[in-house]
Amino acid sequence: MENTDVARILFEMGDLLELLDENQFKVRAYRQAAQVIDTLPTPVSELVRDGTLTALPGIGEGIAGRIAELVEHGTFEEHDRLAARVPPGVLELLEIEGVGPKTVSSVWMGLGIRDIDALEVACRSGRILEAPRMGELRARAILQAIARHRARKGRMLLHRALWIADEIVARLREVHGALRVEACGSVRRRLETVGDLDVLVGSKDPGPVTRTFVGMPEVASVVSEGPTKSSVRLKVGLQVDLRIVAPETFGAALHYFTGSKAHNIALRTRALRRGIKLSEYGVFDREGRRLGGAEEKDVFEIVGLPWIPPEIREGSGEIEAAEAGKLPRLIEEKDVLGDMHVHSDASSDGQSSLDELADEGKKLGRRYLAITDHSRSRPLGLDADALRAHARQVASVDRKRGGRPKLLRGVEVDILPDGSLDLPRDVLTELDWVVASVHSHFTDPEERMTDRIVRALESGVVDVLGHPSGRLIGRRDPYAFDLQRVIDVAKKRGVALEINAQPERLDLSDKACRLARDAGVALVISSDSHAANHLANLRFGVWAARRGWIEAGDVLNTRPWPWDGGERNSERRRIHSEKREARARGGPGGTEGSPRRNER
DNA sequence: GCCGTTTTCGGCCCGACTGTTTTCAGTCG
């Protein structure tokens, strides 16, 4: 049972308890526990096995026992007992915006409404008005929310949300009196998908800011409008919340609205224990005297912590790490010197020529680009002869351009269903860089898929495993495979794992990055560009890595010569010396680079 | 149900906005 499944059932437990009007703190306890499990980097089953569940914040004897039951049996007794009392359609009513537990229990118990369809009928017929505190306006709002619920296509990918956020922030910055404007929330934490946008403005004069905000051309409807808080829904379906605060409280508000919720609660609780009150309006002592809050770092400073980067504010150990002085020095985009996975127009789906790629790479300051076109199993992929010719072409363009950026002769070779590689070993050892990826038979059972990947990692000719899980966010789930075993083998055989920076992949995911980091396996951040304008996507991979607590030293392409072996293990060195010998025998056409050992 | 620098009981984050009321409950973040 995966962590997300355990978390889902614990969340559901909170909903069930709430609908049955149980103690609200018990409700909160289950939700908090669900949150903790959901952001846990290690499999919860391991903690059950080791009996260390109760070491997690918010998980005591009671919930730990239920999680153990859950991991063993797929469910637990109390959950089943409560679930039997609440029809499944009733639980689903909670997903309608503006409909909370009180409304659900009153229409369920009072009017016998048991699902969304029945709720819709009651709104249209006016019968819903019999429920307490229910009027015409609310009935209409619920009908609209039901329509949205049915049309909803899920959360928006980060790159799209970020683009919209940048537009809105730029527009609000032009408003006179808007002294500071920042996007916060999940966009600032660089979560891979975004449910809504949060924009914060520091201003003494909120009127013009609010008017500009609700009047933007992208706005489809105004959800709410007030002097400090307004919400709109954009035509693209995204909701945007605006908060306006006094400039002297901007830092506290920025922290508060960046979240995550779990992080905020943990920090507030910590502050309370020290007799300090934290809110979006600042940091205060017991007597209500302001201690600070103009800058975000004030908030951390006053509770005795260093500033914590937004990407790791998930309530998953960052506060404890900060306290112990063990916060990671997260990797930054400028640390990444080059790109190790780039497609050219030599294979099927690439759109840009080598020169176009090199030009764009130079503009972005990349020192090297590995040209890694597809192997023969892909439509229009390269066979051994075509790849050799292509490699000569890459070397020739590189010579012509003087190695700025250095173009590396590489390939993205398919891992075939039996775990063999799609090209013969001898051609692979002639290259500078080999990415190996799964592109077919995604539905193989877990053990077969894991064996398949492991066999490729053990081939001795692979530098990095490309997009390790194969997921496409919101469109295709990861294939079934044992990530921990792949990490262990990769570590042992000196093969790196890719953090594929395509915004719809982000694969390894942030959580998988953290697992890989804990295992000490080498990582590579690559854009997997299929056109020159994709090269800039590398930053999305950097953000995923940051969310996974990755430091520059964990990532091979922060080094000047990542393709030239390295000291991490003898296997890699052996293969690369083999390659150098092959080059020496082969004469011209070899890469002239690689004269130095890696500096660390 | 969880937790403890006010520790085994008695707290648990908290403010804004809306729509319903006629002073506030419900929802949201």
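Check the entry above for the structure.
The shown structure was predicted, so the numbers you read here are calculated from the model rather than taken from an experiment.

> Let's hear about helix 13 (residues 250–258): which residues, and what values?
In terms of burial, helix 13 is a largely internal element, eight of the nine residues being buried. Residues Phe250, Gly251, Ala252, Ala253, Leu254, His255, Phe257 and Thr258 constitute the buried set of helix 13. Residue Gly259 follows helix 13 closely and has a positive phi angle near 70°.

> Lay out the pattern of salt bridges in plain terms, naming residues and giving numbers.
In a structure, side chains of opposite charge can pair up when their charged atoms sit close to one another. Under the definition given, this model contains 46 salt bridges. Two residues, Arg313 and Glu296, come together in a salt bridge whose shortest N-O distance is 2.9 Å. On the criterion of sequence distance, the pair formed by Arg313 in the loop between helix 15 (296–302) and helix 16 (318–323) and Glu296 in helix 15 is long-range, its members being 17 residues apart. Judged by relative accessible area, which is 0%, Arg313 ranks as buried. On the basis of relative accessible area, Glu296 is assigned to the buried category, the value being 7%. Here Arg485 and Asp451 are joined by a salt bridge, their closest N and O atoms 3.1 Å apart. Of the two residues, Arg485 is situated in helix 21 (residues 483–493) and Asp451 in helix 20 (residues 446–457); the sequence distance between them amounts to 34 residues. With a relative accessible area of 32%, Arg485 lands in the partly exposed category.

> Go over the sheet that holds strand 10 (residues 290–292) with me, naming the residues and quoting the values.
Ordered in space as 8-9-10, the three strands form an open sheet in which the pairing is antiparallel. Each having just a single partner strand, strand 8 (277–279) and strand 10 make up the two edges of the open sheet. This sheet shows a mean twist of 35° between the axes of neighbouring strands, independent of strand direction. Taken together, the two bridges between strand 9 (residues 282–284) and strand 10 define a ladder with antiparallel strand orientation. Within strand 10, the position partnered with Phe284 by the bridge is Arg290.

> Talk me through the side chain of Gln502; I want residue IDs and the actual numbers.
Looking at the element boundaries, Gln502 is found in the loop between strand 16 (496–500) and helix 22 (510–519). Leaving out residues up to four positions away in the same chain, Gln502 has contacts with Ser527, Asp528 and His530.

Criteria and thresholds
Residues numbered from 1 in each chain as written. Chains lettered and ligands numbered in written order. Predicted model: local features only at pLDDT ≥ 70, side-chain atom pairs only at ≥ 80, totals over all residues. Heavy atoms only, no water. Buried < 20%, exposed > 50% of the residue type's maximum accessible area, 1.4 Å probe, protein only. Helix = DSSP H or I, 4+ residues; strand = E, 2+ residues; numbered from the N terminus. Salt bridge = Lys/Arg side-chain N within 4 Å of Asp/Glu carboxyl O. Pairing = 2+ DSSP bridges. Axes fitted to C-alpha atoms, helices over the stretch in contact; angles between N-to-C directions. Contact = heavy atoms within 4.5 Å.

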